[in-house]
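Topology and contacts: notes
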Amino acid sequence: MEALTWTGSLGTILNPVLMILLALLAVAIVAQMILGFFAPAQTLQSNPDGTIAATTGPLGLAETGVKYTFLGILLIVIAYIVVPQIMPYGAAGIVGEITKRFLPVWISLIALFAVSIIYKRKLGLYGKLFDSTVGMIGFGLVMFWVFTALFVGLFDMIATHDYLSQVSGLKNKGPGIPVPEGTAGLIPHYLLGGDNLARDIFSRVVQGSVFVIAIAPLATIFAFMVGITLGLPAGFYGGKLDTFLSFVANLILAFPVILLFYLLVTPEIVETGIPSYMAAFLFVFPLIFFGVLLNSRYYTQPAKRTAILVPVLGILGWLYLSVINQKGTVIDFLPAWLDLFDISILVVFVSVVFVNAPTVFRIVRGLTLDLRTRDYVAAAQTRGEGAWYIMLWEILPNARGPLIVDFCLRIGYTTILLGTLGFFGLGLSSESPDWGSTINEGRKLLLIFAHPALPPAGALLSLVLGLNLLADGLREESLKD
Amino acid sequence: MGLFILRRLGVMLLTALCLTFIVFWLTNLAPNLEKLAKTQGNARMSDEAVVSWLDNRGYNQALPIKYGQWLGVLPGYIIEGTDGQVRARCAAQGQPVEDAATFCGILQGDWGYSTVFKDEVGTIVATRLGLTGKLMFWVMMVMVPGALIIGVLAGMREGSRTDRSLSTVSIVSTATPEYVSGVVFISVFATATFGMQWFKGTATGAMEDATFENFFLPVITIALYGMGYIARMTRASMTEVMTAQYIRTARLKGVSFPKIVLKHALRNALIAPFTVIMLQFPWLLNGVVIVETLFNYKGFGWVLVQAAGNNDIELLLGVSIVSVFVVLVTQLISDIGYVFLNPRIRIS
């Protein structure tokens, strides 16, 4: 087998066009930036016949230029994705094969966007997202990785080779290298080359998305549960409770994050069981949250409340016990048949929740301080509603806008934190395909072989960027109300 | 004002005590001490030998007492060991126990001895802080003006093309953690992969002699991550100021736009970014650790990694104190500075 080139025969036509368009776009953007300062602002001029004409001048020309070159580049990129699907294996080079591997993701993305855009007026804030270009780009990037993680994790589709198996002779080999005959794998090439242990980089990167997509949102949800359950009463009641909780939150926030990780995520600390106790403490908050949430709503109808509360708390309690119960740690009392799963990276999960929770607490507290003076709160108090009902059913829904935006940003931040942990090799095994660990593996030989570290870095960047853009789009759209 | 500062100082002192106690407790947990005994004494010690080794050196005292001794508010231990030797916390190597001072802790300037670097913790921290100070100085020189210019330009005309493109730039820079941008910069600008080998991929040489070639990449890597955030805050503050009544008045009076921005808007728009810049220090510390590891620049962050990775308890404690101190002091400065800069609060 021959090694694959980057774009194969497709590139001989498309590459020069793309280069020209990129150069034009750069020129147009620079021109637009410079003209933006000096050129007179666009003015409207009324003609004698009663019509209005906008004088655009050179600035307008530059803007039109940017628009059309950008559209042109977009078309070329779509061509890079679409055309290889009908070309034979290898003809479209590495880029073509990669886009072919991602075919299920493209189909899901197109389906999702089509459905969402058709029904966007009926979908509330989510639908409004499709009015903002930035929001759509962000959502697209995020959903790309979500679908990738789904297809890799559940159906074992996109990855081409086993992410742990090593093939001799492919150590640190560049992108497009053919694998020797008889090696297990879906295609006879390493699309993005081999890493320093001769494993397929492409497969490791897509496999790493499963880790991030599974852990980051979940950890953020837990941090929000903790932050909301503590922040609401702190802001609502104020006084000593608020002083104490704020002090503790500031205490945790004053810790440099990396120092905290180095102190918490070591085998010695795991041995003492502190992470297990922290998990037992932090993960009880979802139970409290849902318990109080449902109880405050239905406590006037005891029969209905019991009917709802018992199954909800039962299931959550079972989940809670199986999460904190780990074989070989201090909390190990459940019989094996009751223990649903063992999370090997509990310490990573706990420390990420622990770092995020105080910031969420501060945000929720600030919002509550603001919202508790509103009329609807006074109305609820006059009706005789309980304090928790007001907090959870009156204040919390009205604070949802900023909280949703922060939730997106915080998933991105959690992704960065997980990457940091991987980068320092804390709490994760060196075999782990997560992006931080892969970057860490790749950076050791970075000056000699640059290709192993770049794909995971790009993947992490695109996911975090997507989340940030998504948050920006959501903020913009929610402000329009 | 005086009362405000005093109260802030009190809270800060309490926070510092709590934080150092937590770090002290975490580093002095039993498994850490056992590891210390085995690395310092003998790797194949029996459990009893470990206990007596720790007993002889005062590690098995109650935690508050150890903390008090380390802080320098309780007299250092003098223990007659099971091996017949008398050891005192405050006695230096070879010094007779009787001559040792009563108190020796952080407050007396005695920071302990590093087991990894075989040197006094105080001197290690001081030299490494100097190196990191140099890095931070250049980071600030790049980051603060860059961020302020981007923020002011973007916030000057809200919703304009300039605003949108600069806001996108700042979003991209906040979404790029240091270990990603560092790796990308090194592989693009320090290797031959892309044919742009303009800079050095390590900053080890910059410790003695910092040049543009070996120092630019680490500086820009740290600066970029913080820049976007400060720029966004500046933009928000600038847009708010530009919609204020007095700006409209100035416009209606016919003051030219550059003059409005420079003379009227800028001063009020820079109050909020000041606090943000100050509060960036804890984040910068993060960046410093990552970048110093990545570029092999042996400063404060690198020492933190070495101390934590090698169970060097006293060095880790020293490093923690300094970082906690930096964080708290910047918080204090940001609080006081905000009050001081804001005429509405200052005058009332």
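Conventions and cut-offs
- Once a new chain begins, its residue numbering starts again from 1 and follows that chain's sequence as written.
- Following the order in which they are written, the chains are lettered starting with A and the ligands numbered starting with 1.
- Only residues with pLDDT of at least 70 are given local features in this predicted model, and only at 80 or more are side-chain atom pairs given and counted; all residues enter the totals for whole chains, interfaces and linings.
- Remark: hydrogens and water are excluded; side-chain values derive from all non-hydrogen atoms of the structure.
- By convention here, the domain bounds are inherited from an automatic or database domain assignment.
- Residue contacts are counted whenever heavy atoms from the two residues lie within 4.5 Å of one another.
- Here the quantity called buried area is the total loss of accessible area, with a 1.4 Å probe, experienced by two parts when brought into contact, counted for both.
- Definition used for salt bridges: Asp or Glu carboxyl oxygen within 4 Å of a side-chain nitrogen of Lys or Arg.
- Where helices and strands are cited, they refer to DSSP runs of H or I of at least four residues and of E of at least two residues respectively, numbered from the N terminus.
- Working definition: with a 1.4 Å probe on protein chains only, accessible area under 20% of the residue-type maximum means buried, over 50% means exposed, and in between means partly exposed.
- By the counting rule applied here, Lys and Arg register as positive and Asp and Glu as negative, while His and the ends of each chain are not counted.
- UniProt positions are given in the numbering used here, feature names are shortened, and annotations may be inferred rather than shown by experiment.
- The definitions used throughout rest on a 1 Å grid laid over the protein atoms alone, on which a cavity is an enclosed set of points accommodating a 1.4 Å probe that cannot get out and a pocket is an open set flanked by protein within 12 Å on both sides along at least five of seven lines; lining residues are those having an atom within 4 Å of a point.
- Grid points are joined across faces, edges and corners, and a volume is the space filled by probe spheres set on the points.
- Amino acids are sorted into nonpolar (Ala, Val, Leu, Ile, Met, Phe, Trp, Tyr, Cys and Pro), charged (Asp, Glu, Lys and Arg) and polar (every other residue, Gly among them).
- Any two rings among Phe, Tyr and Trp, with Trp reduced to its six-membered ring, count as a pair given centres within 6.5 Å; such a pair is stacked if its planes are under 30 degrees apart, edge-to-face if over 60, and tilted if neither.

1. Structural notes on the domain arrangement of chain B
All names here are of chain B. In terms of domains, chain B is made up of domain 1 (1–110) and domain 2 (126–341). The interface is formed by 20 residues belonging to domain 1 together with 13 residues belonging to domain 2. Each partner contributes to the roughly 1700 Å² buried at the junction of domain 1 and domain 2, and carbon and sulfur atoms together form 80% of this total. Of all residues in domain 1, Arg8, Met12 and Thr27 bury the most surface against domain 2, accounting for 30% of the area lost on that side. Along the contact surface separating domain 1 from domain 2 lie one salt bridge. Among the ionic pairs, Asp335 bridges to Arg8, the shortest N-O distance being 3.0 Å. For the side of domain 1 that touches domain 2, the secondary-structure elements that each account for two or more residues are helix H1 (2–27) and helix H2 (30–40).

2. Remarks on the side chain of Asp200(A)
All names here are of chain A. In this fold, Asp200 is placed in the loop between strand E4 (189–190) and helix H7 (201–237). The buried charged residue Asp200 lacks any salt bridge, with Arg101 as its nearest oppositely charged partner at 8.4 Å. With near-sequence residues (within four places) excluded, Asp200 lies in contact with Thr160, His161, Tyr190, Leu191 and Gly193.

3. Let's talk about the UniProt feature "transmembrane region" (unreviewed entry) in chain B
All names here are of chain B. The feature "transmembrane region" (unreviewed entry), as given by UniProt, occupies residues 9–27, 135–156, 177–195, 215–232, 269–295 and 315–341 in the numbering adopted here. Annotated as residues 9–27, this span is 100% helix and 0% strand, and its ends, taken at the C-alpha atoms, are 27 Å apart. Taken end to end, residues 315–341 has its terminal C-alpha atoms 38 Å apart, with 100% of it in helix and 0% in strand.

4. Structural notes on empty space enclosed by the protein
If a probe as big as a water molecule is rolled over the atoms, it shows which places are left empty. Within this structure, the stated rule accounts for four cavities of 30 Å³ or more. Of the voids in this model, the largest cavity is the one considered here, and its volume is about 100 Å³. Around the largest cavity sit 13 residues that line it, and Ile416(A), Thr420(A), Glu178(B), Asn286(B) and Ile290(B) are the ones nearest its centre. Only helix H9 (257–264) and helix H17 (400–423) of chain A together with helix H7 (178–189) and helix H12 (281–295) of chain B provide two or more residues apiece to the lining of the largest cavity. In terms of residue class, the lining of the largest cavity is made up of 10 nonpolar, two polar and one charged.

5. Here's the deal with the packing of aromatic side chains
Residue and element names in this part refer to chain A. This model, assessed by the stated rule, comprises 36 aromatic pairs over all chains. Relative to Phe130, the ring of Phe113 has its centre 5.4 Å away and its plane inclined at 85°; by these criteria the two rings are edge-to-face. Taken together, the residues Phe113 in helix H4 (residues 103–118) and Phe130 in the loop between helix H5 (124–128) and helix H6 (133–155) connect sequence positions 17 residues apart. By the burial criterion, Phe113 is buried, and Phe130 matches it. Geometrically, the ring pair formed by Phe224 and Phe407 is edge-to-face, given 5.3 Å between the ring centres and 80° between the ring planes. Within this pair, whereas Phe224 is found in helix H7, its partner Phe407 is found in helix H17, the two being separated by 183 residues in sequence. Look at Phe224 and you get buried, because its relative accessible area is 7%. Within the aromatic cluster, the residues linked to one another by ring pairs are Phe102, Trp106, Phe144, Trp145, Phe202 and Trp435.

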